[in-house]
Amino acid sequence: MKNEKDQKNHKSPEGTAPELRDRPLKSLNSRREDTVSGACASPGYSGHGGDCYRNAVRLDFSVNLNPLGMPDCFREALERGMQCAGRYPDLLQEAPRRAAALFYSERYKEAFSPEEILPGNGASELITAVYHGLRPRRVLLTAPCFTGYLHGVDPRKTKPDRYATGETLSFQPDAGFGMMIRPDTELVILNNPCNPGGGMLDRKLLRDLLKLTAERHIPVLLDECFLEFTGRLKDSGLRLMEEYPNLMVLRAFTKSFSMPGVRLGLLFVRDRRLREKVRRALPEWNLSAFGQEVLITAGERRTVLYDFLDRTAEKTGKLRNRMEERLRAHGIQVIPSAANFLLTRGLGEYADQLLKQGILVRRCRDMQPLSEEYIRLAVRTAEEQDQFFDALRRIRADRGLPGQGASEKSGR
């Protein structure tokens, strides 16, 4: 039994030890060199969205999650995962992969086998496994792009070729992208819808690129982590995999079902040779008991979840239009988007002051060649949007700027 002194000094992990749970580790952040841009990161900026660990955040507009939140059936699945935490998850992931195959086969009217699906500890792990497994000497990407595509690149082994895109197509590539595919290109990465612009890839261009790369035996990684928010299932690469076996499609439960802390991604690979190379680059037991239960639940409750995703796309579209209209009323340039986020130009000067009011936004300065003035905003609920614009009005008022335009007033 603990003596009185031990009981007095004991601190539980929740609430009574803030120096461990809440104190920012400034030494890890204040002098960090950004691996993409080479610019020294400023305090309070980690290079990704969602950094509530080094910032006091009450509203997070930096992470692109589902505004409807997490489905109840997945909350129940996570509780079941806790009951399984005392034993190892299935090393072969048999039941989770069967469930994922059933979920996506019915959703996209395409037959997927469990063997064609590689679960991962988030989409980021799967991207890294593609690099480590395929070991491409040359990779073709767009610029700007999700910084995670460059995180796994070892410049001593892989040369990234960047194709500059522009605002006209919401930073999706045009036909000139195919001309960048060289004889020694060994991997092509595409994003649909693209991050950070939110634009959709032209359907004919995608087919043309897949045909060209298939003829040259070049693998293509198509990131569709945000596709469910667009409602455009017919544009999914999942429906092209039978025709183009060089295609790998990436999905993430993180975004669609608002569960970033669970870390759950899926990579669809039909070609056995490609799949085995990527699989061998993944660690054992990379799917936790929680991720395992979520996938099994997705198969069991798929009809309910299909309805949830359909409602998500409809609701996201309405909230995105509302948010875009109000941003434009403040004189902020908005890049047209089909996703659950908006890339803006002109908000950069307000980012620090918004953070002082507890609102975190995604600075895009590490997404070359975007500058400090580009800010990406998640599409959040109407109430959260109102709080954001109230804060923006206060900041602008302090500078002697107009608080809102006539259209912004009518949008409330």
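Provided above is the structure to which this section pertains.
The following paragraphs examine the structure supplied in this document.

Basis of the calculations
Residues numbered from 1 in each chain as written. Predicted model: local features only at pLDDT ≥ 70, side-chain atom pairs only at ≥ 80, totals over all residues. Heavy atoms only, no water. Helix = DSSP H or I, 4+ residues; strand = E, 2+ residues; numbered from the N terminus. Buried < 20%, exposed > 50% of the residue type's maximum accessible area, 1.4 Å probe, protein only. Contact = heavy atoms within 4.5 Å. Axes fitted to C-alpha atoms, helices over the stretch in contact; angles between N-to-C directions. Parallel < 35°, antiparallel > 145°, perpendicular 65-115°, else oblique. Pairing = 2+ DSSP bridges. Expected span 1.5 Å × (residues − 1). Arc of directions from axis to C-beta. Core = buried A, V, L, I, M, F, W, Y, C linked by side-chain atoms within 4.5 Å.

Within the secondary structure layout, Pro89 lies in the loop between helix H3 (72-83) and helix H4 (94-108). Residue Pro89 is classed as buried on the basis of its relative accessible area of 14%. Sequence separation between Pro89 and Asn286 is 197 residues; the distance between their C-alpha atoms is 9.1 Å. When neighbours within four sequence positions are excluded, Pro89 is seen to be in contact with Trp285, Leu287, Ser288, Ala289 and Gln292.

Now for the packing of helix H11 (residues 302-329) against helix H13 (residues 382-398). Between H11 and H13, the shortest axis-to-axis distance is 11 Å and the interhelical angle comes to 10°. The angle between the axes of H11 and H13 places the two elements in the roughly parallel class. Two secondary-structure elements touch here, H11 through Leu319, Arg322, Met323, Arg326 and Leu327 and H13 through Ala382, Gln385, Asp386, Phe388, Phe389 and Arg393.

Moving on to the pairing of strand E10 (residues 341-345). Across the five residues of E10, four count as buried, placing the element largely inside the fold. Joining the antiparallel neighbours strand E9 (residues 333-335) and E10 is a turn of five residues. Where E10 meets strand E13 (residues 374-378), five bridges bridge the pair, whose relative direction is antiparallel. Pairing of Phe341 across the sheet is with Ala378, part of E13.

Glancing now at H3. Spanning twelve residues, H3 covers 17 Å between terminal C-alpha atoms, matching the ideal 16 Å at 1.5 Å per step. Those residues of H3 not exposed but buried are Cys73, Phe74, Ala77, Leu78 and Gly81. One side of H3 carries all its buried residues, which in axial view fall inside an arc of 145°. For H3, the exposed residues set more than 90 degrees away from the buried face come down to Asp72, Glu79, Met82 and Gln83. Packed against the buried residues of H3 are helix H8 (253-256), helix H10 (289-300) and H11.

Right, let's get into the nonpolar core. Of all hydrophobic cores here, the largest spans 51 residues; its most connected members are Phe74, Tyr104, Leu190, Leu247, Phe253, Phe257 and Phe268. The element contributing the most residues to this core is H4, with five residues. Not counting the four nearest positions on each side in its chain, Phe253 is found in contact with Phe74, Tyr104, Ser258, Met259, Leu264, Leu266, Val294, Leu295 and Ala298. Counting residues in each nonpolar core, the second largest holds 31 residues, with Ala123, Tyr131, Leu187 and Cys225 among its members.

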